[in-house]
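Breakdown of the fold
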Amino acid sequence: MAPAPSAGDPAVLPELTGDQARRLLDAVVGVASDLSLPDVLRRIVESATRLGGARYGALGVLDEGGDELGEFLVTGLDAEAQRTIGTHPTGKGVLGLLIAQPDAVRLPDIRLHPRSYGFPPQHPPMHSFLGVPIRVGGAVFGNLYLADKVDAPEFTSGDEQVVVALAAAAGVAVEKARRYRDSRRREQWLEAANAITPALL
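**Focus: the overall build of the protein**
- The helix and strand tally for the protein stands at five helices and five strands.
- Each helix (α) and strand (β) of the protein, taken in turn from the N terminus, gives the series α-α-β-β-α-α-β-β-β-α.
- Across the 201 residues that make up the protein, the buried fraction comes to 40%.
- Contacts spanning at least 24 positions in sequence make up 59% of the contacts within the protein whose residues lie at least 6 apart.

**Describing the pairing of strand 1 (residues 54-62)**
- Among the nine residues in strand 1, eight count as buried, and that is most of the element.
- Here six bridges tie strand 1 to strand 2 (residues 69-75), and the two strands are oriented antiparallel to one another. Looking at the pairing, Leu 62 lines up with Leu 69 of strand 2.
- Counted along the chain from strand 1 to the antiparallel partner strand 2, the turn is six residues long, and its residue Gly 66 has a positive phi close to 80°.

**Section: the layout of surface pockets**
- Considering only enclosed or pocket space, the largest pocket measures out at about 600 Å³ in volume.
- Surrounding the largest pocket, 31 residues form its lining, Phe 72, Pro 89, Leu 95, Phe 119 and His 123 being those nearest its centre.
- Secondary structure elements with two or more residues in the lining of the largest pocket: strand 1, strand 2, helix 3 (79-85) and strand 5 (139-149).

**Examining helix 2 (residues 37-52)**
- An ideal rise of 1.5 Å per residue puts 22 Å on 16 residues; helix 2 measures up with 22 Å between its terminal C-alpha atoms.
- Among the residues of helix 2, Leu 37, Val 40, Leu 41, Ile 44, Val 45, Ser 47, Ala 48, Thr 49, Leu 51 and Gly 52 are the ones counted as buried.
- At the exit of helix 2 stands Gly 53, carrying a positive phi of roughly 65°.

**Focus: the pattern of salt bridges**
- The tally for this structure, following the rule as stated, stands at eight salt bridges.
- The salt bridge involving Arg 106 is made with Glu 160; its shortest N-O contact spans 2.9 Å. Placement of Arg 106 in strand 3 (residues 105-107) and of Glu 160 in helix 5 (residues 157-200) is noted, with a sequence separation of 54 residues between them.
- We classify Arg 106 as partly exposed; its relative accessible area is 34%.
- You can call Glu 160 buried: its relative accessible area is 10%.
- Arg 111 is the salt-bridge partner of Asp 109, the closest N and O atoms lying 2.6 Å from each other.
- On the basis of relative accessible area, Asp 109 is assigned to the buried category, the value being 15%.

The rules behind the values
- Residues numbered from 1 in each chain as written.
- Predicted model: local features only at pLDDT ≥ 70, side-chain atom pairs only at ≥ 80, totals over all residues.
- Heavy atoms only, no water.
- Helix = DSSP H or I, 4+ residues; strand = E, 2+ residues; numbered from the N terminus.
- Buried < 20%, exposed > 50% of the residue type's maximum accessible area, 1.4 Å probe, protein only.
- Contact = heavy atoms within 4.5 Å.
- Pairing = 2+ DSSP bridges.
- 1 Å grid on protein atoms, 1.4 Å probe; cavity = no way out; pocket = protein on both sides within 12 Å on 5 of 7 lines; lining within 4 Å.
- Points joined across faces, edges and corners; volume = space filled by probe spheres on them.
- Expected span 1.5 Å × (residues − 1).
- Salt bridge = Lys/Arg side-chain N within 4 Å of Asp/Glu carboxyl O.

If you want it as structure tokens, here you go:
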């Protein structure tokens, strides 16, 4: 008998209320409307933060080795706050949980977790936490991190399911943007080669 699907399985769509379904659809359409990879990533983290009702959101993109965060996009903090905090995290502490085991993580208070360490002194205090992996082509591309549920003490299972569903759609959008980027690079190389060839001849 096949194992029952888990809430962290990106193939599993949650049972949504009418309002949740509408907001999720709006978010998916917004994320998929761009072909520029940086714009897609920005839309993903902003949409996840809105859907989850979080004060802070971040998207960590794994480096080539897949064991650290090579890129880190943030929402909820202005440029001055980000400058004060300093270098972006590389995936230690609680953020590393999703790197070591890419499944959804939901915590009522991140400060109480045994791996809660590494926050710079200037970092704003954070309490509730939700982390969800983003997979592209079956491989983990990065992770969505949400902190501080705005209208409740912690994130709910419903929040987790909605963000997991968004992450599944986000993976498709990232793959599409990557293909577009690669095709544009090929076109530019061909254009450059066509321009250079007559000069060489």
